[in-house]
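Remarks on the overall topology
The chain contents come next:
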Amino acid sequence: MRESASAFLNLFDRDEAPAAPIIGSKKGRLPSYISDHRKRLRERFMKGGAEALPDYEMLELVLFRAIPRQDVKPLARRLL
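Computed from a prediction, not measured in an experiment: that's the story for all the values here.

Cut-offs applied
Residues numbered from 1 in each chain as written. Predicted model: local features only at pLDDT ≥ 70, side-chain atom pairs only at ≥ 80, totals over all residues. Heavy atoms only, no water. Helix = DSSP H or I, 4+ residues; strand = E, 2+ residues; numbered from the N terminus. Expected span 1.5 Å × (residues − 1). Buried < 20%, exposed > 50% of the residue type's maximum accessible area, 1.4 Å probe, protein only. Contact = heavy atoms within 4.5 Å. Phe/Tyr/Trp six-rings, centres within 6.5 Å; stacked < 30°, edge-to-face > 60°. Lys NZ or Arg CZ within 6 Å of the ring centre and 35° of its normal. pLDDT = per-residue confidence, 0-100. Arc of directions from axis to C-beta.

With 12 residues, helix 3 (residues 55-66) extends 17 Å from end C-alpha to end C-alpha; this agrees with the ideal 16 Å at 1.5 Å per step. Those residues of helix 3 lying buried are Tyr56, Glu57, Glu60, Leu61, Leu63 and Phe64.

Take the side chain of Glu57 next. Relative to the elements of secondary structure, Glu57 occurs in helix 3. Residues contacting Glu57, with those up to four places away along its chain left out, are Leu41 and Arg44.

Further remarks concern the packing of aromatic side chains. Scanning the entire structure with this criterion turns up zero aromatic pairs. Arg77 extends its terminal NZ or CZ atom over the ring of Tyr56, reaching a point 4.1 Å from the ring centre.

What follows deals with the confidence of the model for the protein chain. In the predicted model, the protein chain carries a mean pLDDT of 75, and 56% of its residues have values of at least 70. Taking the mean pLDDT of every element in the protein chain, the minimum, 56, falls on helix 1 (residues 9-12) and the maximum, 93, on helix 4 (residues 73-79).

Time to look at helix 2 (residues 37-48). For an α-helix, the turn length of 3.6 residues means that residues three or four places apart are oriented alike. Over its 12 residues, helix 2 extends 16 Å from the first C-alpha to the last, a length consistent with the 16 Å expected when each residue adds 1.5 Å. For helix 2, the complete set of buried residues consists of His37, Arg38, Leu41, Arg42 and Phe45. The arc enclosing the buried residues of helix 2, seen along the axis, measures out at 135°, which places them on a common side. Just beyond helix 2, the residue with positive phi is Gly49, at close to 70°.

All right, on to the environment of Phe45 then. Note that Phe45 resides in helix 2. For the pair formed by Phe45 and Leu61, sequence separation is 16 residues and the distance between their alpha carbons is 9.1 Å.

Structure, rendered in structure tokens:
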């Protein structure tokens, strides 16, 4: 039986630290494809639960807490 998305709210509500800008990026900003990525994933999870996300994105949600200042998508894909 799957838990509702709200049961996981405290785990995924925010990062432990803000994402650091990528070195060499213009004006110290994150590239557009990374900006707010974590926020968008959390919103999709909260609206649709685990069924709304592919496995690698579910793993990304967990990795956000362990690796707060990096893009974890490549790692999530490699781990799966």
